[in-house]
Amino acid sequence: MMARSKVGILAVQGAFAEHEAVVRRLGADFKELRQASDLDDGIDRLILPGGESTSQGRILRDLGMLDRIRQLIESGMPVLGTCAGLILLAQSIDQINGDGSTVDEQHNSTWLKTLPVTVRRNAYGRQLGSFHTEAEFAGLGTIPMTFIRAPFITQVGDGVETLAEVDGEVVAVRYKNQLGTSFHPELDDDARIHQMLLSM
Amino acid sequence: MAQNRNELNRQLAQMLKGGVIMDVTTPDQARIAEAAGACAVMALERIPADIRAAGGVSRMSDPKMIKGIQQAVSIPIMAKVRIGHFVEAQILQAIQIDYIDESEVLTPADDTYHIDKTAFGVPFVCGARDLGEALRRIAEGATMIRTKGEPGTGDVVQAVRHMRLINREIAHVASLRDDELFDEAKRLQVPLQLVREVHDSKRLPVVNFAAGGIATPADAALMMQLGAEGVFVGSGIFKSGNPKKRAEAIVKAVANYRDAELIAKLSEDLGEAMVGINADEIELIMEERGK
């Protein structure tokens, strides 16, 4: 029998408890990651949950967690980033703020930038643009998808596999050990994407 | 469709958990809040301490001022309407606000009825002092609850009392036999279905934040340890000596609310906290508004 996986779930802000419930249901262990010392040992997977990416990125940088998480991902640890988590993973962001400044000004120091895609933040607009749908997901069939002030992916780099599209926009990708979705698999009663992370 | 909207609106509140929502009055303050790690901002013309000082009738903010803040930051924007003032809510929905706070901080427009929040696509957060109030607001369509606290005082005592009371009442409902829930619904003056939900899940059906009088990283961590899922900080930040530093410290204290060593470090050299007034020395009791 395989050793039980221990998933490190980033817990500085956002919907981490929902991911914990899914991981528990699948019979894996998890550990909440709230500061740098939590990253020292004992985890073999990572989940970066939904929430506010600017908030999470800022806390990660200030608490010295950003570089350490980047190292873990670059050394091959499987990671699932959902919504804000996908944004943290993305190498570039194409949003321009209302006042003309670009998110890239902050992006340089507060994002992981390990996943070669470009992500547009709040791509569906404000909360009135949030929606639920179902769509095909490569290898898994039809998957329920909940989008909350969600981003989508506008460009994929070399070697990035598109796993799902909704209305012609890319909403899920895989690149080596990194899985990113712009929707929230932790909010629907379907654990197949988490299962995919556990089998990576 | 309406059911689906309500679910999506509850889920946005789930994304705010573990975060700090800050009152801001200008685009510059909004940028400071976002850079400090706020998960959302509350756009209003006057923060509660100033509303309290100014007296008079306090209303929804100028939509132009709210739009200025929408332009300045990318995080969700909330704004307040008077209790029962559904036209102020229609206006905020028209400018695509992310969350409406039907708030006792403003002067109530209706002394009997709250807004029928099920009639809106935009989500609502409402204040509550006890479980009955919380469930009545949820029955009306609120998808997020916060303690009422006593706004604008810098005195956390009411927020503590409300959070403890709500948790105690949830534990009580969870301890009841199924055949006792009918009477409990009558006692709380709420729909039976919501009492059943609390009984089975041992929690509120929506996210519950702390609000009112939170002024320091220690206050914020106190509320988190008491079971809040996040905090609103109103007057506490921009009424203090060093808003940027205090905002950053409160954000980190909420993310690591059990780590006393870290909170000790975060509490150093924050400058002057808002002076505050003791909640029992004030004449205008905002928490009494709307029941």
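Residues numbered from 1 in each chain as written. Chains lettered and ligands numbered in written order. Predicted model: local features only at pLDDT ≥ 70, side-chain atom pairs only at ≥ 80, totals over all residues. Heavy atoms only, no water.

Draft legend 1. The overall build of chain B, seen in detail. For chain B, the count of helices and strands is 13 helices and eight strands. For 291 residues, the compact-globule estimate of 2.2 N^0.38 gives 19 Å, and chain B sits close to it at 18 Å. Dimensions along the principal axes, computed over C-alpha positions, put chain B at roughly 55 × 45 × 35 Å. Nonlocal contacts in chain B, meaning residues at least 24 apart in sequence, comprise 66% of its contacts between residues at least 6 apart. A total accessible area of about 11200 Å² is found for chain B, and carbon and sulfur atoms account for 49% of it. (Helix = DSSP H or I, 4+ residues; strand = E, 2+ residues; numbered from the N terminus. Rg over C-alpha atoms; globule rule 2.2 N^0.38 Å. Contact = heavy atoms within 4.5 Å. Areas by Shrake-Rupley, 256 points an atom, 1.4 Å probe, with all protein chains shown as cover.)

Draft legend 2. Region of the structure containing the UniProt feature "binding site: L-glutamine" (unreviewed entry) in chain A. All names here are of chain A. In this numbering, the UniProt entry assigns the feature "binding site: L-glutamine" (unreviewed entry) to Gly51, Glu52, Ser53, Arg121, Ile148 and Arg149. With the annotated positions falling across 99 residues, the maximum pairwise C-alpha distance of 12.8 Å places them together in a single cluster. None of the other annotated residues line the second largest cavity; only Gly51, Glu52, Ser53, Arg121, Ile148 and Arg149 do. As for its position among the elements, Glu52 is in the loop between β3 (45–48) and α2 (53–62). (UniProt positions renumbered as here; feature names shortened; annotations may be inferred. 1 Å grid on protein atoms, 1.4 Å probe; cavity = no way out; pocket = protein on both sides within 12 Å on 5 of 7 lines; lining within 4 Å.)

Draft legend 3. Geometry of the confidence of the model for chain B. The share of residues in chain B with pLDDT of 70 or more is 96%, and the mean pLDDT across the chain is 92. Here the predicted complex carries an ipTM of 0.92, next to a pTM of 0.93. (pLDDT = per-residue confidence, 0-100.)

Draft legend 4. Quick peek at the packing of aromatic side chains. Residues and elements named next belong to chain A. All told, the structure shown has seven aromatic pairs over all chains when counted by the stated rule. Between Phe131 and Phe147 the ring centres are 4.5 Å apart and the planes differ by 10 degrees, which places this aromatic pair in the stacked class. With Phe131 in strand β7 (residues 131–137) and Phe147 in strand β8 (residues 141–147), this residue pair connects regions lying 16 residues apart in the sequence. The rings of Tyr124, Phe131, Phe147, Phe152 and Phe183 are connected pair by pair, giving a single aromatic cluster. (Phe/Tyr/Trp six-rings, centres within 6.5 Å; stacked < 30°, edge-to-face > 60°.)

Draft legend 5. Quick look at the interface of chain A and chain B. Facing the 39 residues of chain A at the interface are 40 residues of chain B. Note on chain A versus chain B: buried area summed over both sides is about 3100 Å², and carbon and sulfur give 49% of it. Together, Arg126(A), Gln127(A) and Leu128(A) form the three largest contributors to the area buried by chain A at its contact with chain B, with a combined 23%. Remark: the boundary between chain A and chain B carries five salt bridges. (Buried area = accessible area lost by both parts, 1.4 Å probe. Salt bridge = Lys/Arg side-chain N within 4 Å of Asp/Glu carboxyl O.)

Draft legend 6. Structural context of the sheet that holds strand β3 (residues 77–82) of chain B. Residues and elements named next belong to chain B. Reading across the sheet, the eight strands line up as β7-β6-β5-β4-β3-β2-β1-β8 and stay open at both edges, with parallel pairing between neighbours. The sheet terminates laterally at β7 (207–209) and β8 (231–233), the two strands that pair on one side only. Geometrically, the sheet is characterised by an average inter-axis angle of 30 degrees between neighbouring strands, direction not taken into account. Of the pairings in the sheet, the one linking strand β5 (residues 124–128) to strand β6 (residues 144–147) comprises four bridges and is parallel in character. When the sheet's bridge partners are listed, Gly127 is paired in β6 with Arg146. Across the face of the sheet, helix α4 (residues 63–72) comes into contact with β1 (20–24), β2 (40–43) and β3 while running at roughly 160 degrees to β2. Sheet contacts for helix α5 (residues 86–94): β3, β4 (99–103) and β5; angle to β3, the most-contacted strand, approximately 160 degrees. (Pairing = 2+ DSSP bridges. Axes fitted to C-alpha atoms, helices over the stretch in contact; angles between N-to-C directions.)

Draft legend 7. The UniProt feature "active site" (unreviewed entry) in chain B, seen in detail. Residue and element names in this part refer to chain B. Per the UniProt entry, the sites bearing "active site" (unreviewed entry) are Lys80 in this numbering. Structurally, Lys80 can be placed in strand β3. A relative accessible area of 8% means that Lys80 is categorised as buried. Only 2.9 Å separates the side chain of Lys80 from the side chain of Asp101, close enough to count as a polar contact. (Buried < 20%, exposed > 50% of the residue type's maximum accessible area, 1.4 Å probe, protein only. Polar contact = N/O pair within 3.5 Å; in protein donor to acceptor, adjacent residues only side chain to side chain.)

Draft legend 8. Spatial organisation of helix α9 (residues 192–201) of chain B. Residues and elements named next belong to chain B. The set of residues buried in α9 consists of Leu194, Val195, Val198 and His199. End-on view of α9: buried residues confined to an arc of 140 degrees, all on one side of the axis. Close packing links the buried residues of α9 with α6 (131–139), α7 (157–175) and α8 (181–188). (Arc of directions from axis to C-beta.)

Draft legend 9. Looking closely at empty space enclosed by the protein. In total, this model carries five cavities of 30 Å³ or more according to the counting rule given. Here the largest cavity defines a volume of roughly 200 Å³. In this structure, the largest cavity is lined by 23 residues; those nearest its centre are Asp23(B), Pro48(B), Pro151(B), Gly212(B) and Gly234(B). If you list the elements that add at least two residues to the lining of the largest cavity, you get β4, β8 and α11 (235–238) of chain B. Considering only residue class, the lining of the largest cavity consists of eight nonpolar, nine polar and six charged. In this structure, the second largest cavity spans a volume of roughly 90 Å³. For the lining of the second largest cavity, the secondary structure elements donating two or more residues are α4 (84–89) of chain A together with α1 (2–16) of chain B. (Points joined across faces, edges and corners; volume = space filled by probe spheres on them. Nonpolar A, V, L, I, M, F, W, Y, C, P; charged D, E, K, R; others polar.)

Draft legend 10. Quick peek at the nonpolar core. Counting residues in hydrophobic clusters, the biggest one holds 89 residues, and the most contacted among them are Leu10(A), Leu46(A), Met65(A), Ile69(A), Leu92(B), Met223(B) and Val231(B). The greatest single-element share of this core, amounting to seven residues, is contributed by helix α12 (residues 243–255) of chain B. Leaving out residues up to four positions away in the same chain, Val231(B) has contacts with Gly19(B), Val20(B), Ile21(B), Phe209(B), Ala210(B), Ile214(B), Ala220(B), Met223(B), Met224(B) and Val254(B). If you look at the next biggest cluster of nonpolar residues, it comprises 28 residues, including Phe16(A), Ala28(A), Leu163(A) and Val171(A). (Core = buried A, V, L, I, M, F, W, Y, C linked by side-chain atoms within 4.5 Å.)

Draft legend 11. Fine view of the packing of helix α2 (residues 27–36) of chain B against α4(B). Residue and element names in this part refer to chain B. At a minimum axis separation of 9 Å, α2 and α4 run at an interaxial angle of 35 degrees. As for the relative orientation of α2 and α4, their crossing is right-handed in sense. On α4, the residues touching Pro27, Ala30, Arg31 and Glu34 of α2 are Gly68, Ile69 and Ala72. Residues of the contact of α2 with α4, tallied by class, amount to four nonpolar, one polar and two charged. (Left-handed = near helix turned anticlockwise from the far one by under 90°.)

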